Amino acid sequence: MAEETLEATARALVAPGKGILAADESTGTIEKRLKSIEVESTEENRRAYREMLFTTAGLGDHISGVILYDETIRQSTKDGAPFTKVLVDAGVIPGIKVDMGAKPLAGAEGEKVTEGLDGLRERLMEYRDLGAKFTKWRAVIDIGKDRPSAYCIHVNAHALARYAALSQEAGLVPIVEPEVLMDGPHPLERCYEVTEATLEGVFNELFSQRVVYERMLLKPNMVISGNECSEQAGPEQVADATIRCFRSVVPAAVPGIVFLSGGQSDEQATANLNAINAGGPHPWQLSFSYGRALQAPSLKAWRGDEANVRAGQDALAHRARLNGAARDGRYTPEMEKELAAA
Ligand code: 13P
């Protein structure tokens, strides 16, 4: 049973017009997000924020799955409905971040390796019992002078593959996330080179460790200019470089690629995804798994005030709708105005 279910879940997560909402910020990261709207990061405020997101009317229209965090998968609405049930009732598949964060890599100044493999088999079983159908593990690759090292790419790829194999064993679809960061003054070509080397390392390890491509999704960065680069590539250039890079290293058996937003503005992340899909058809479904690019306007509209719940939900629904269109190459910048008109 598990094999067919895994393939069906992977395909459902990249269904036409839909993508993933990443709401799996660790306690440290959500604290930063809440601080930006001057809300204290208490367990209750974190819960209330996630309740606002997950109870958005029509969430399942353009959101196929939500990635939760360990604290969040155990939480409920104020009326006592578990978040996992709220999501399933809305036609949304619950998933869970299972890595324990990126830590300094020994002997490699400025580089990181993601931890969390010890005891993972047992944690996966618990998450499966709590209702998760898919998982996520994020590795972080930084671009700098002499970075990334082959050593850093190798250990992160190895850990990603160990995680993915364990996840499939547990009957959960792994979302493999090797994120090449956009921080720095490097041009798009350097991002291309590093992304290609990283993905090549990751797929070598996935193959060696017997991960079944049909039962996983890839969550990468797009190939873009560094955020301090003086010449910023536009959507057509980003789309062209991203597709060229992925065609050379991502097996066609992988059902879908769900991009992270990684610090791009909401509108930039949507426009780039649209350009990528407009140039199709491609061997894989190309969709989104955005955190900041879906949540930022919603967070700002909500500001921790119960009276703003509806405004926060409208902002999330709006971005989900636009990214749902971009995911099929149907987005136009004029659609940005629709919220104001609604
Ligand atoms: P961003 O879209 O904000 O990069 O978040 C996606 C994610 O899940 C990072 O791990």
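As shown above, the structure is provided for reference.
The rules behind each value
Residues numbered from 1 in each chain as written. Predicted model: local features only at pLDDT ≥ 70, side-chain atom pairs only at ≥ 80, totals over all residues. Heavy atoms only, no water. Phe/Tyr/Trp six-rings, centres within 6.5 Å; stacked < 30°, edge-to-face > 60°. Helix = DSSP H or I, 4+ residues; strand = E, 2+ residues; numbered from the N terminus. Buried < 20%, exposed > 50% of the residue type's maximum accessible area, 1.4 Å probe, protein only. Near = heavy atom within 4 Å. Polar contact = N/O pair within 3.5 Å; in protein donor to acceptor, adjacent residues only side chain to side chain. Nonpolar A, V, L, I, M, F, W, Y, C, P; charged D, E, K, R; others polar. Expected span 1.5 Å × (residues − 1). Pairing = 2+ DSSP bridges. Right-handed = clockwise from strand over helix to strand, strands pointing away. Core = buried A, V, L, I, M, F, W, Y, C linked by side-chain atoms within 4.5 Å. Contact = heavy atoms within 4.5 Å. Disulfide = S-S within 2.5 Å.

Another aspect to go through is the packing of aromatic side chains. The description of an aromatic ring pair rests on the distance of the ring centres and on the angle between the ring planes. Here the structure, examined in full by the defined rule, presents six aromatic pairs. The interplanar angle of 40° and the centroid separation of 5.2 Å between the aromatic rings of Tyr-49 and Trp-302 together place this pair among those described as tilted. Of the two residues, Tyr-49 is situated in helix H3 (residues 43-54) and Trp-302 in helix H12 (residues 292-302); the sequence distance between them amounts to 253 residues. In this structure Trp-302 comes out as buried when scored by relative accessible area, which is 3%.

Take the side chain of Thr-84 next. Looking at the element boundaries, Thr-84 is found in helix H6 (residues 83-89). Judged by its relative accessible area of 12%, Thr-84 is buried.

On to the site of the ligand, then. In the vicinity of the ligand there are 13 residues, among which Lys-136, Lys-219, Ser-261, Gly-262 and Arg-292 approach most closely. At a separation of 2.5 Å, an oxygen atom of the ligand approaches a polar side-chain atom of Ser-261. Taking Gly-291, its main chain carries an N or O atom lying 2.8 Å from an oxygen atom of the ligand. Elements represented by at least two residues in the shell around the ligand include exactly strand E6 (134-141) and strand E10 (285-290). In the shell around the ligand, the residues fall into three nonpolar, four polar and six charged.

A rise of 1.5 Å per residue sets the reference length of helix H8 (residues 150-169), with its 20 residues, at 28 Å; its end C-alpha atoms lie 29 Å apart and thus fit the reference within 8%. Where H8 is concerned, the buried positions are Cys-152, Ile-153, Asn-156, Ala-157, Ala-159, Leu-160, Ala-161, Tyr-163, Ala-164, Leu-166, Ser-167 and Gln-168. Positioned one or two residues after H8, Gly-171 has a phi angle of 85°, which is positive.

A regular strand carries its side chains on alternate faces of the sheet. Within E10, five of the six residues are buried, which leaves the element mostly enclosed by the surrounding structure. Relative to E10, strand E1 (residues 19-22) runs parallel, the two sharing two bridges. Directly across from Leu-21, in E10, lies its bridge partner Tyr-290. Read from strand E9 (residues 256-259) through helix H11 (residues 266-278) to E10, the crossover connection turns out right-handed.

Within soluble globular proteins, side chains that are nonpolar tend to cluster in buried spots. Among the nonpolar cores identified, the biggest contains 92 residues, and Leu-206 and Val-250 are the most heavily contacted of them. With nine residues, H8 is the single largest residue contributor to this core. In contact with Val-250, not counting residues within four places along its chain, are Leu-199, Phe-203, Leu-218, Ile-257 and Trp-284. Of all hydrophobic cores here, the second largest spans 13 residues; its members include Ala-10, Ala-22, Leu-217 and Val-258.

This next bit is on the environment of Thr-332. Structurally, Thr-332 is set in the loop between helix H13 (309-326) and helix H14 (338-341). When the C-alpha positions of Thr-332 and Asp-99 are compared, they lie 36 Å apart, and in sequence the two are 233 residues distant.

To continue, consider the environment of Leu-21. Mapped onto the elements, Leu-21 comes out in strand E1. Setting aside anything within four residues of it in sequence, one finds Leu-21 in contact with Phe-54, Ile-63, Gly-65, Val-66, Ile-67, Tyr-290, Leu-294, Gln-295 and Leu-316.

What follows concerns helix H10 (residues 235-249). Here H10 spans 21 Å end to end across 15 residues, near enough to the 21 Å set by a 1.5 Å rise per residue. Those residues of H10 that sit buried are Val-238, Ala-239, Ala-241, Thr-242, Ile-243, Cys-245, Phe-246 and Val-249. Those residues of H10 hidden inside the fold are in contact with helix H9 (188-208), E9, H11 and E10.

All right, on to the side chain of Asn-274 then. Tracing the chain through its elements places Asn-274 in helix H11. A polar side-chain atom of Asn-274 sits 3.2 Å from the main-chain amide nitrogen of Arg-330. Asn-274 has contacts with Ala-325, Ala-326, Gly-329, Arg-330 and Tyr-331, leaving out every residue within four places of it along the chain.

One closed barrel accounts for eight strands, arranged E1-E2-E3-E6-E7-E8-E9-E10; its pairing is parallel. Bridge count for strand E3 (residues 93-97) against E6 is three bridges, and the pairing is parallel. Residue Ile-96 lies in a different strand from E6, and its bridge partner there is Thr-135.

Let us now look at unusual backbone geometry. For the peptide bond that leads from Arg-147 to Pro-148, omega is 0°, which places it in the cis range. Assignment of secondary structure puts Pro-148 in the loop between E6 and H8. In this structure, the amide linkage connecting Gly-280 to the following residue, Pro-281, adopts the cis form with an omega of 5°. Checked against the element boundaries, Pro-281 lands in the loop between H11 and E10. Phi is positive for Glu-38, close to 60°, though the residue is something other than glycine. Tracing the chain through its elements places Glu-38 in the loop between helix H2 (27-35) and H3. Backbone geometry at Arg-303 places phi at a positive 50°, although glycine is not the residue there. Structurally, Arg-303 can be placed in the loop between H12 and H13.

What follows is about the state of the cysteines. Scanning the model with the defined rule gives zero disulfides in all. Free of any disulfide, Cys-191 has its nearest neighbouring cysteine sulfur in Cys-245, separated by 7.9 Å. Under the relative-accessibility criterion, Cys-191 is labelled buried at 2%.

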